[in-house]
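Structural overview
These are the residues of each chain, in order.
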Amino acid sequence: MPIAALIRRARDLDEANPLRHLRDRFRLPDGVVYLDGNSLGAMPVKARDIALDVIERQWGQDLIGSWNDNGWWEAPTRVGDRIGELVGAAPGQVVVTDSTSVNLFKVLMAASAMMPSRTVVLTDQGSFPTDLYMADAAASLGDMVVVTMPPPEMVEYLRDSGDDVVIAAVSSVDYRTGEAWDLPAITAAAHEAGALVAWDLCHSGGAMDIQLDAHRVDMAVGCTYKYLNGGPGSPAFLYVAERHQDRFNQPLTGWQGHRDPFAMSPRYEPDPGIARGRVGTPPLLSLLTMEAGLDTFDGVTMAQVREVSLSLTGLFMEALDQLVPQVEIATPRSENQRGSQVSLRHPEAFGVVSALIERGFVGDFREPDIVRLGFAAPYLSHEQVIDAAVALQQILAANHHLDPRFVKSKVT
Ligand SMILES: *Cc1c(COP(=O)(O)O)cnc(C)c1O
């Protein structure tokens, strides 16, 4: 298909895009095609109004009364329920608190206490490093051992040697390649083996149609500043299925997880519900501003978001096949095996990313050779997808990616 035909197709797809009205809910700089919503989501227009209201009225006027009058105390569970709607969790099972790293630690330690006779934490060596660090830390504190393998091999491992597995802790999407793992199959295999499963939804929350309750997932964690557009450093979420909550004894027994915090009892007693996942005072400025990101999903379903995301990534790979057939695509072609990003392998990946950014196509580089481009369906168009593929073609043709000016900075 010549380029003109690709552009025509992209325009037709944009006309029919059920999410096209969502683009106006974001503030993005002119001239930027933002392909990094998998690292830091775009800014919702409403974020500014909410942040100003929190600063000027809630903090500035209402002061300490805001804990009651502006719902600060309940905010972690109230906003948690809203995230629950986006990841298929009924109310009362999600709390917004801490970071993903800390929440994963709580999950692994609580799981260890729930299954004292078992010893194995099953995880993926390719996980985002903090997940591996936390697994190692929890294993050493909880007398467990970490066993790693690629997620597809976990199904067989759980069947053959699952008796000793406490928990399989898996990221639902590989952060480098964008490969999506089989959540229903791994969850079912863990349960068959009498083990628990925890999913890290950092790269799927807000991008894929995750159905935590329907698949009987036990626990999940995820961040809110990626596809959920919660803002830089917005706190993470923790899901514990209702059936496990009374045995979810997480080790960070801070006062905000107490069943009666203002009794000021010298002894810790956990809240009976998901609020036991809380630790200390939440970062309210960013927790409340995060709701602007959740609001951007109003009126659409995650099934629609997923469908548009697949359409964007699918069209991008098709355009790459035509325009830059020499480039290796690291992301699986099959729709049920990919998340919401397309990753390319290139020996000068850092230069390629830098040259793309210089032309306004913002993606990121991941060691050792990955050009990572995230496709957030709420604010990207199919036409921008074609523009990005054309930009890549031009960069490679002009050897722009070899420019010696491109030197790695601290944050890639
Ligand atoms: C982004 C990401 C994190 C981030 O963890 P924080 O503690 O919120 O910084 C963790 N795990 C995965 C899989 C991620 O993609």
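Throughout what follows, the structure given in this document is the object of discussion. (Residues numbered from 1 in each chain as written. Predicted model: local features only at pLDDT ≥ 70, side-chain atom pairs only at ≥ 80, totals over all residues. Heavy atoms only, no water.)

**Side note on the overall build of the chain**
Here is the rule we go by: Helix and strand labels come from DSSP, where a helix needs a run of H or I of at least four residues and a strand needs a run of E of at least two; each type is numbered from the N terminus. Each radius of gyration is computed over the set of C-alpha atoms, and the globule rule expresses the reference value as 2.2 Å times the number of residues to the power 0.38. We call a residue buried when its accessible area falls under 20% of the maximum for its residue type, exposed when it is over 50%, and partly exposed in between, using a 1.4 Å probe and counting protein chains only. When checking whether two residues touch, look at their non-hydrogen atoms; a contact exists if any pair is within 4.5 Å. Per-residue and other accessible areas follow the Shrake-Rupley method at a 1.4 Å probe size, with only the shown protein chains counted as cover for residues. Counted charges follow a simple rule, with Lys and Arg positive, Asp and Glu negative, and His plus the chain ends left uncounted. To locate a charge, the coordinates of NZ of Lys, CZ of Arg, CG of Asp or CD of Glu are taken.
Counting its regular elements, the chain contains 12 helices and 15 strands. Here the C-alpha atoms of the chain give a radius of gyration of 22 Å, agreeing with the 22 Å that 2.2 N^0.38 yields for 412 residues. Seen along its three principal axes, the alpha-carbon backbone of the chain occupies a region of about 70 × 60 × 40 Å. Across the 412 residues that make up the chain, the buried fraction comes to 57%. The long-range fraction of contacts in the chain, counting pairs at least 24 apart against all pairs at least 6 apart in sequence, stands at 72%. Within the structure as shown, the chain displays about 17,300 Å² of accessible surface, and the carbon and sulfur contribution to it stands at 53%. Treating the 34 positive side-chain charges of the chain as one cloud and the 53 negative ones as another, the clouds have centres 3 Å apart.

**Section: the pairing of strand S15 (residues 370-374)**
Rules: Strands pair, by our definition, only if DSSP identifies at least two bridges between them.
Within S15, five of the five residues are buried, leaving the element largely enclosed by the surrounding structure. Side chains of S15 alternate between two faces, with Ile370, Arg372 and Gly374 and Val371 and Leu373 buried alike. Taken together, the five bridges between strand S12 (residues 341-345) and S15 define a ladder with antiparallel strand orientation. Within S15, the position partnered with arginine 345 by the bridge is isoleucine 370. Of the strand pairs in this sheet, strand S14 (residues 364-366) and S15 are connected by three bridges, and their pairing is antiparallel. Within S15, the position partnered with arginine 366 by the bridge is isoleucine 370. Taken together, S14 and the strand that follows it, S15, pair antiparallel across an intervening segment of three residues.

**Re the packing of helix H10 (residues 302-323) against helix H12 (residues 382-397)**
When two helices pack together, you describe them by how their axes are tilted relative to each other and by the distance separating the axes. So the rule is basically this: Fitted lines through C-alpha atoms give the axes, limited to the stretch in contact for helices. The angle between two N-to-C directions lies from 0 to 180 degrees. These descriptions rest on fixed angle ranges, namely under 35 degrees for roughly parallel, over 145 for roughly antiparallel, 65 to 115 for roughly perpendicular, and the rest for oblique. By definition, turning the near helix anticlockwise from the far helix through less than a right angle yields a left-handed crossing, and turning it clockwise yields a right-handed one. Lys, Arg, Asp and Glu make up the charged group, whereas Ala, Val, Leu, Ile, Met, Phe, Trp, Tyr, Cys and Pro make up the nonpolar group; the residues left over, Gly among them, are polar.
At a minimum axis distance of 9 Å, the contact between H10 and H12 shows a crossing angle of 30°. As judged from the angle between their axes, H10 and H12 are roughly parallel. Classified by chirality, the crossing of H12 by H10 is right-handed. Within the contact between the two elements, H10 uses Ser311, Leu312, Leu315, Phe316, Ala319, Leu320 and Leu323 and H12 uses His382, Val385, Ile386, Ala388, Ala389, Val390, Leu392 and Gln393. Per-class residue counts for the contact of H10 with H12 are 12 nonpolar, three polar and no charged.

**Here we look at the sheet that holds strand S4 (residues 94-96)**
For sheets, the rule is that strands pair by backbone hydrogen bonds, running either parallel or antiparallel. Sheet architecture is open: seven strands sit in the order S4-S10-S9-S8-S7-S5-S6, paired in mixed fashion. Where the open sheet ends on each side, the last strands, each with one partner, are S4 and strand S6 (145-148). Averaged over all pairs of adjacent strands, the angle between strand axes in this sheet comes to 20°, irrespective of strand direction. As judged from the three bridges shared by strand S8 (residues 196-200) and strand S9 (residues 219-222), these two strands associate in the parallel manner. When the sheet's bridge partners are listed, aspartate 200 is paired in S9 with valine 221. Across the sheet, helix H4 (residues 75-87) is in contact with S4 and strand S10 (237-240); its angle to S4 comes to roughly 125°. On the sheet, helix H5 (residues 100-114) packs against strand S5 (120-123), strand S7 (165-171), S8, S9 and S10 and is oriented at approximately 165° with respect to S9.

**As for the sheet that holds strand S11 (residues 328-329)**
Pairing is antiparallel across the open sheet formed by four strands, whose spatial order is S11-S12-S15-S14. Strand pairing shows two members of the sheet lacking a second neighbour, S11 and S14, which therefore form its edges. Where H10 meets the sheet, it contacts S11, S12 and S15, and its direction lies at approximately 25° from that of S12. Packing against the sheet, helix H11 (residues 349-358) makes contact with S14 and S15, and its axis sits at approximately 35° to S15.

**Some thoughts on the packing of aromatic side chains**
This is how it is decided: Pairing of aromatic rings covers Phe, Tyr and Trp, the last counted by its six-membered ring, and requires centre-to-centre distances within 6.5 Å; plane angles under 30 degrees mean stacked, over 60 mean edge-to-face, and any other angle means tilted.
Applying the stated criterion across every chain, the model contains 10 aromatic pairs. Relative to tyrosine 379, the ring of tyrosine 34 has its centre 6.3 Å away and its plane inclined at 35°; by these criteria the two rings are tilted. Of the two residues, tyrosine 34 sits in strand S2 (residues 33-34) while tyrosine 379 sits in the loop between S15 and H12, which places them 345 residues apart along the sequence. Of the two residues, tyrosine 34 and tyrosine 379, neither departs from the other in class, the shared state being buried. Taking the centre distance of 5.2 Å and the plane angle of 65° together, the rings of tryptophan 73 and phenylalanine 262 count as edge-to-face. Placement of the pair is tryptophan 73 in the loop between helix H3 (66-69) and H4 and phenylalanine 262 in the loop between S10 and helix H9 (284-295), with a sequence separation of 189 residues. Judged by its relative accessible area of 17%, tryptophan 73 is buried.

**Considering the nonpolar core**
Keep this limit in mind: To form a nonpolar core, buried Ala, Val, Leu, Ile, Met, Phe, Trp, Tyr and Cys residues must be joined to one another through side-chain atoms within 4.5 Å.
Trp199, Phe316, Leu320, Leu356 and Phe375 are the most contacted members of the largest nonpolar core, which has 103 residues in total. By residue number, the principal contributor to this core is H10, which donates 10 residues. Counting residues in hydrophobic clusters, the runner-up holds 26 residues, among them Ala169, Leu196, Ala198 and Val240.

**Concerning the site of the ligand**
Here is the rule: Note on definitions. A residue lies near a molecule or strand when any single heavy atom of the residue is within 4 Å of it. Here a polar contact is recorded for every N or O atom pair within 3.5 Å, except that within protein the pair must consist of a potential hydrogen donor and a potential acceptor, and residues adjacent in sequence are included only if both atoms are side-chain atoms.
As a structural note, the neighbourhood of the ligand is formed by 13 residues, with Ser101, Asp131, Asp200, His203 and Lys226 the closest of them. Within the side chain of serine 101, an N or O atom sits 2.5 Å from an oxygen atom of the ligand. For the ligand, the protein covers 86% of the area, taking 390 Å² as the surface of the free molecule. If you list the elements that add at least two residues to the shell around the ligand, you get H5 and helix H6 (129-141). Here the shell around the ligand is built from residues that sort into four nonpolar, six polar and three charged.

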